[in-house]
Structure formats: C-alpha cells, structure tokens
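# Architecture at a glance
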Amino acid sequence: QVQMVESGGGLVQAGGSLRLSCAASGPTFSAWALAWFRQAPGKEREFVADISWSGGGIYYADSVKGRFTISRDNAKNTMYLQMNSLKPEDTAVYYCAADDRPNLLGVAPGLIDYWGQGTQVTVSS
C-alpha cells in the first residue's frame, strides 16, 4: 500500500520561506512522477510543480516560477518543495501526488493515483 505524508507547512510572513517535504512508501518510488498541488478555500485544486522519475523533467505553474523549487531524493523516498518569496496568494493546503505517468503536467487531479493528506501553508501580509 502506498502512503504519502507531507510536512513542513506553517504560518509565515509575506516574503518568507518554507520547505515542504513529502515522504512516500512503496517499492517503486523511483519510477513515479511526483507533483505538488495546492487548494485554497473555495477554489479547485491546482497544479504547482512536478518532477519526473529521474528528476530530469521539471515543470512549474507560472504563478510560482522563479520562487519555488521542486526536487526529489529517490534514496530517501522523499520529495521537496522549497518556497521562497511567499505571497498571501500562496496560502493553501499543499498536497503531494504520485503516479506512474512520465509526468503530471496537465493531468487532472482526479486521474492521479496517490495523494498525501495535505499540509497547510498560510502566508500573512
């Protein structure tokens, strides 16, 4: 059974930084594409960033490009999201996701196999 657990969320002032982690279990972690999504109150879940199984393919939403960095450590079965220059509009619950597709850019959330439980990120102005 695959389990994914996010950590690292919290309350930060605008302009600050946070680093999210997603620890996953499963024998084929290194073969999965991984992604971060987020969902703000009253809004749909939206794509933030994804990374291919090898780490060679990385995509970002335009809203976070240049501020967020996604990475993965297959030896530790862990994915990260470094978030810098945070803005109040980044406030949301952040979810990690995994699937055996080559990448998750453009894939509807309902079609992705595995999800974490989410971690709250709140950015105050």
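Bear in mind that the values here come from a model prediction, so they are computed numbers and not experimental data. (Residues numbered from 1 in each chain as written. Predicted model: local features only at pLDDT ≥ 70, side-chain atom pairs only at ≥ 80, totals over all residues. Heavy atoms only, no water.)

### Observations concerning the state of the cysteines
- Counted by the stated rule, this structure contains 1 disulfide.
- The disulfide bridge from Cys22 ends at Cys96, spanning 2.2 Å between sulfur atoms. The sign of the 60 degrees torsion about the S-S bond sets the Cys22-Cys96 disulfide as right-handed. With Cys22 in strand β3 (residues 18-24) and Cys96 in strand β9 (residues 92-99), this pair connects stretches of sequence that are 74 residues apart. Accessibility classification places Cys22 together with Cys96 in one group, the buried group. (Disulfide = S-S within 2.5 Å. Helix = DSSP H or I, 4+ residues; strand = E, 2+ residues; numbered from the N terminus. Buried < 20%, exposed > 50% of the residue type's maximum accessible area, 1.4 Å probe, protein only.)

### Digging into unusual backbone geometry
- Positioned with a positive phi, Asn77 is a non-glycine residue whose angle comes to about 50 degrees.
- In this fold, Asn77 is placed in the loop between β7 (68-73) and β8 (78-83).
- On the accessibility criterion, Asn77 (21% relative accessible area) is partly exposed.
- Despite not being glycine, Ser85 has its phi angle at roughly 50 degrees, a positive value.

### Observations regarding the packing of aromatic side chains
- Evaluated as defined, the whole model comprises 5 aromatic pairs.
- Pairing Tyr95 with Trp115 gives two aromatic rings, centres 6.4 Å apart and planes at 85 degrees, and the pair type is edge-to-face. Within this pair, whereas Tyr95 is found in strand β9, its partner Trp115 is found in strand β10 (residues 114-115), the two being separated by 20 residues in sequence.
- Ring pairs connect the aromatic residues Phe37, Phe47, Tyr95 and Trp115, which therefore count as one cluster.
- Directly above the aromatic system of Tyr80 lies the positively charged group of Arg19, at a separation of 4.0 Å from the ring centroid. (Phe/Tyr/Trp six-rings, centres within 6.5 Å; stacked < 30°, edge-to-face > 60°. Lys NZ or Arg CZ within 6 Å of the ring centre and 35° of its normal.)

### A few points about the sheet that holds β3
- Pairing is antiparallel in the open sheet, where 4 strands are placed in the order β1-β3-β8-β7. Edge positions in the sheet fall to β1 (4-7) and β7, since each of these pairs with one other strand and no more. The average angle at which neighbouring strand axes cross in this sheet is 15 degrees, direction not considered.
- Looking at chain direction, β7 and β8 are connected through 6 bridges and run antiparallel. Along β8, the bridge assignment pairs Arg72 with Met79. (Pairing = 2+ DSSP bridges. Axes fitted to C-alpha atoms, helices over the stretch in contact; angles between N-to-C directions.)

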